[in-house]
Amino acid sequence: MTSVVLIGATQGTGRELAAAYARRGAEVVITGRDAERTREIALDLSKETGGAVTGLPLDLTRPAEIGAMLAGVGRVDRLAIVGMVRDRNTIAGYDIAKASELAVTKIVGYTAVVSALAPRFGPDASVLLFGGVAKDYPYPGSTTVTAVNGAVTGLVRTMSVELSPVRVNAIHPGLIENSPFWEGNAAAAEIVSGFRALSLTGRLGTMADIVGACLFLLENTLVNSVNLAVDGGHP
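Residues numbered from 1 in each chain as written. Predicted model: local features only at pLDDT ≥ 70, side-chain atom pairs only at ≥ 80, totals over all residues. Heavy atoms only, no water.

### Focus on the overall build of the protein
Secondary structure summary: the protein contains 7 helices and 7 strands in total. Beginning at the N terminus, the succession of helices and strands in the protein can be written as β-α-β-α-β-α-β-α-β-α-β-α-α-β. Rg of the C-alpha trace for the protein: 17 Å, near the compact-globule value of 18 Å for 235 residues, within the 12% margin. In terms of principal-axis extent, the alpha carbons of the protein reach across some 45 × 40 × 35 Å. Restricting to contacts in the protein with at least 6 residues of sequence separation, those with at least 24 account for 73%. For the protein, the exposed surface amounts to about 10800 Å²; the carbon and sulfur share of it is 56%. (Helix = DSSP H or I, 4+ residues; strand = E, 2+ residues; numbered from the N terminus. Rg over C-alpha atoms; globule rule 2.2 N^0.38 Å. Contact = heavy atoms within 4.5 Å. Areas by Shrake-Rupley, 256 points an atom, 1.4 Å probe, with all protein chains shown as cover.)

Encoded structure:
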């Protein structure tokens, strides 16, 4: 049975990816900041899919605790690190605390997870990191988001070399229209329309689109050290 660990997978795309693997018969571990909520979501996923899903507490903003939080995890065949914190931060109004939280999450936290689990990687293990297309297409307020998603590309390169033959890739989604953050968010309607207008396909991604790309990156045994943008293309 394939063993899958999904970090930060209690909602949105992470939850959908967990459900996809559970339906495939994998043994799935999800993590979230709130222990009780994570356990409840794992139970819901098990009921929905008929699969085996376990929930563990883990906070990527507290990397010193990550090793202990993952101590009970056994062999890992697939690892996806989905967790993030949102940050709208301009140069003019730079919030150091919020910027630091995001930087720690995606650079130190992501690396701490991989470091903790690397000794338990199976013989055909693969790792997937989550970035975002803001690395290439900054917008007002994306100062830190653009920087840390750019750093994810560097993590992919160094990890794929250091962990070889374990495969390491990253997915960089555009705006995901039906994610919990954007769907029904009237205040963000103008932003959503603007991103749709920029897409060469004339549409925005869905969680199903992103899950499909995640499965490709995690399962295709020749795809390695790739930073894949999934956003419909930009002019």
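### Section: the side chain of Ser199
On the secondary structure map, Ser199 appears in the loop between α6 (189-198) and α7 (207-219). Ser199 gets classed as buried once you look at its relative accessible area, which sits at 8%. A distance of 2.9 Å separates the side chain of Ser199 from the side chain of Thr201, its partner in a polar contact. Those residues in contact with Ser199, other than ones at most four positions away along the chain, are Asp231, Gly232 and Gly233. (Buried < 20%, exposed > 50% of the residue type's maximum accessible area, 1.4 Å probe, protein only. Polar contact = N/O pair within 3.5 Å; in protein donor to acceptor, adjacent residues only side chain to side chain.)

### Some details on the nonpolar core
The biggest cluster of nonpolar side chains holds 59 residues, and the ones touching the most others in it are Val28, Ile30, Leu79, Phe121 and Leu129. A total of 8 residues in this core trace back to one element, the largest contributor, which is α7. Setting aside residues no more than four positions away along its own chain, Val28 makes contact with Val4, Leu6, Ala18, Tyr21, Ala22, Ala52, Val53 and Thr54. Residues Val85, Ala134, Val145 and Val148 belong to the second largest nonpolar core, which totals 5 residues. (Core = buried A, V, L, I, M, F, W, Y, C linked by side-chain atoms within 4.5 Å.)

### Some words on the side chain of Asn89
Residue placement: Asn89 occurs in the loop between β4 (76-81) and α4 (96-117). For Asn89, the side chain forms a polar contact with the main-chain nitrogen of Asp95, separated by 2.7 Å. Setting aside its immediate chain neighbours within four residues, Asn89 contacts Tyr94, Asp95, Lys98, Ala99, Gly141, Ser142, Thr143 and Thr144.

### What about the sheet that holds strand β7 (residues 227-230)?
Taken in spatial order, the 7 strands make up an open sheet running β3-β2-β1-β4-β5-β6-β7, and their pairing is parallel. With partners counted over all chains shown, the strands left at the sheet margins are β3 (52-57) and β7, one partner each. Each strand axis lies, on average, 20° off the axis of its neighbour in the sheet, ignoring direction. Note: strand β6 (residues 167-173) against β7, 4 bridges, orientation parallel. Looking at β7, one finds that Ile171 is bridged to Leu228. Sitting on the sheet, α4 is in contact with β1 (3-7), β4 and β5 (121-130), with an inclination near 175° to β4. Lying over the sheet, α7 contacts β4, β5, β6 and β7, oriented at roughly 165° with respect to β6. (Pairing = 2+ DSSP bridges. Axes fitted to C-alpha atoms, helices over the stretch in contact; angles between N-to-C directions.)

### Notes on the pattern of salt bridges
Tallying each qualifying case throughout the model produces 11 salt bridges. A salt bridge links Arg75 to Asp77; its shortest N-O distance comes to 2.7 Å. We note a salt bridge from Asp124 to Arg78, for which the minimum N-O separation is 3.7 Å. On the criterion of sequence distance, the pair formed by Asp124 in strand β5 and Arg78 in strand β4 is long-range, its members being 46 residues apart. A residue is classified by how much of its surface remains accessible, and Asp124, at 44% relative accessible area, is partly exposed. Each of Arg33, Asp59, Lys98 and Glu101 takes part in a single network of salt bridges with overlapping partners. (Salt bridge = Lys/Arg side-chain N within 4 Å of Asp/Glu carboxyl O.)

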